[in-house]
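Reading the structure
Listed below are the residues making up each chain.
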Amino acid sequence: PAKLERIAIGRLSALGDIVHTLPAFQALRRARPQARISWIAEPAGAALLALVPGIDEVVVLDLKSPRGAAARLAALLAFLRRRRGSFDVLLDFQGLIKSALLGFLLGGRRLGFSRGNARAPLAALFYSRRAAPFPEERHVIFKNLHLLSLLGIAAAGVEYPRRDWPPSPRLAAWMEREGLDGGWTVLNVGGNWSSKLLSAEQWRAVAAGLGPEQAPVLLWGNEREQQVAREVARASGARLAPFLEFADLVAFIARARRVVSGDTLALHLADMVGTPSLGVFGPSSPERNGSLLPASRALCHRQPCGFCYRRSCDTMTCLRSIAAEEILAAARNVDAQRDRNAD
């Protein structure tokens, strides 16, 4: 019998970027149905990937252990001893030195982006083969699909892995208590970059402007975000969602009428499950990171500094200049487009 092809995907971290890599995985799975496909990820990404159908193995690599650098190095060396030679080919979708070097140390062929497309240009030195240059202004999903050209795979379109997302008994009970049976609006106040976050005042005005008939529900992910969400809920009358694990987060977004969010995980999960969204963009480009759904919209005030992709900013002019009424008008436009698509 022919030897089973063992393929590894290297996209270790950044949850939104992991979601943006899923269409490339799906195209790879369709083109290589008999291959054993593994995905190497850090713990948070691994928890999300555990929900994705079609991945044969999620390999957890913890490079951020709080026990110190020596412990992290020991864990990495143990990982390499255990996994070296496990893969025939590794696709590095991350483009960092750490992900490229990891592929080099694991052995096998390493396929990656061109020097100009890798996030760290020196990462390209560790690849066996590099993809042809790709326009960086295009959407990152298409950039990820482009990497598959090194395996002779040309995807016909953007497709995510599909499955049902039933709410857990806990989430279902909360929705019943809140009287949520469909049509709510998800407002995601969180995000891992401070430069992507609307202010509490902006969120308060948006939630109040939507009104109770739109059933705005505030999502949060950590204690700081919960504090903001509570403040907005008190001032606007919006509901405060409970803390949601990944499976329930996706289930809740999948049942929403629309999602309003910055360029972060909730926005990209909405694309994955087909829920129209309004993406509010500041330091990142909506053309590169926004929704690809026809009913979705993006709102952006481009500044002279352009799309800086800085994680923090002293002025936040790009986001602070966006008025709540602009967000509300764009959200209504999402609804109107969704209704037109449904006719």
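Residues numbered from 1 in each chain as written. Predicted model: local features only at pLDDT ≥ 70, side-chain atom pairs only at ≥ 80, totals over all residues. Heavy atoms only, no water.

Structural notes on the side chain of serine 38
- Tracing the chain through its elements places serine 38 in strand S2 (residues 36–41).
- Dropping the residues within four chain positions of it, serine 38 is found in contact with Ile7, Ala8, Ile9, Glu57, Val59 and Phe87. (Helix = DSSP H or I, 4+ residues; strand = E, 2+ residues; numbered from the N terminus. Contact = heavy atoms within 4.5 Å.)

Topic: the sheet that holds strand S5 (residues 109–112)
- Strand order in this open sheet of six strands is S3-S2-S1-S4-S5-S6, and the pairing throughout is parallel. Across the chains shown, the open sheet's two edge strands, defined by having one partner strand only, are strand S3 (57–60) and strand S6 (129–130).
- Running over the sheet, helix H1 (residues 15–31) touches strand S1 (6–10), S2 and strand S4 (89–92) and is turned about 165° from S2.
- Relative to S4, helix H4 (residues 97–106) is tilted by about 175°, and along the sheet it contacts S2, S4 and S5. (Pairing = 2+ DSSP bridges. Axes fitted to C-alpha atoms, helices over the stretch in contact; angles between N-to-C directions.)

Focus on the environment of leucine 328
- Assignment of secondary structure puts leucine 328 in helix H13 (residues 324–342).
- For leucine 328, a relative accessible area of 7% translates into the label buried.
- Distance from leucine 328 to arginine 257, taken between C-alpha atoms, is 14 Å for residues 71 residues apart in sequence.
- Once you skip the residues sitting within four places of it in the chain, leucine 328 turns out to touch Ala205, Val206, Gly209 and Leu210. (Buried < 20%, exposed > 50% of the residue type's maximum accessible area, 1.4 Å probe, protein only.)

Some remarks on the side chain of aspartate 271
- By the secondary structure assignment, aspartate 271 is in helix H10 (residues 265–273).
- One buried charged side chain, aspartate 271, makes no salt bridge at all; its nearest oppositely charged neighbour is arginine 162, positioned 9.0 Å away.
- Ignoring sequence-local partners within four residues, the contact set of aspartate 271 consists of Tyr160, Gly290, Ser291, Leu292, Leu293 and Ser296. (Lys, Arg positive; Asp, Glu negative; His and termini not counted. Salt bridge = Lys/Arg side-chain N within 4 Å of Asp/Glu carboxyl O.)

What about the packing of aromatic side chains?
- Applying the stated rule across the entire model yields five aromatic pairs.
- With a centroid separation of 6.3 Å and an interplanar angle of 55°, the aromatic rings of phenylalanine 25 and tryptophan 39 are classed as tilted. With a gap of 14 residues between them, phenylalanine 25 in helix H1 and tryptophan 39 in strand S2 connect regions that are remote in the sequence. Per residue, the accessibility class of phenylalanine 25 equals that of tryptophan 39, and both read buried.
- The structure contains a cluster of three or more aromatic residues connected by ring pairs, namely Trp174, Trp184 and Phe252.
- Sitting above the plane of the phenylalanine 113 ring, lysine 143 keeps its charged end 4.7 Å from the centroid. (Phe/Tyr/Trp six-rings, centres within 6.5 Å; stacked < 30°, edge-to-face > 60°. Lys NZ or Arg CZ within 6 Å of the ring centre and 35° of its normal.)

With respect to the pairing of S4
- Burial along S4 is two-sided: the residues Val89 and Leu91 and Leu90 and Asp92 are all buried.
- Pairing of S4 with S5, which is carried by three bridges, proceeds in the parallel orientation. Counterpart to leucine 90 in the pairing with S5 is arginine 110.
- Following the backbone out of S4, through H4 and into the adjacent parallel S5, one traces a crossover that is right-handed. (Right-handed = clockwise from strand over helix to strand, strands pointing away.)

A word on a nonpolar patch on the surface
- There is a patch of nonpolar side chains on the surface, built from Ile97, Leu101, Phe104, Leu105, Leu122 and Leu125 and spanning about 510 Å² of accessible area.
- Locating leucine 101 in the fold gives a position in helix H4. (Patch = residues over 30% accessible without salt bridge, like charges linked within 9 Å, V, L, I, M, F, W, Y side chains within 5 Å. Areas by Shrake-Rupley, 256 points an atom, 1.4 Å probe, with all protein chains shown as cover.)

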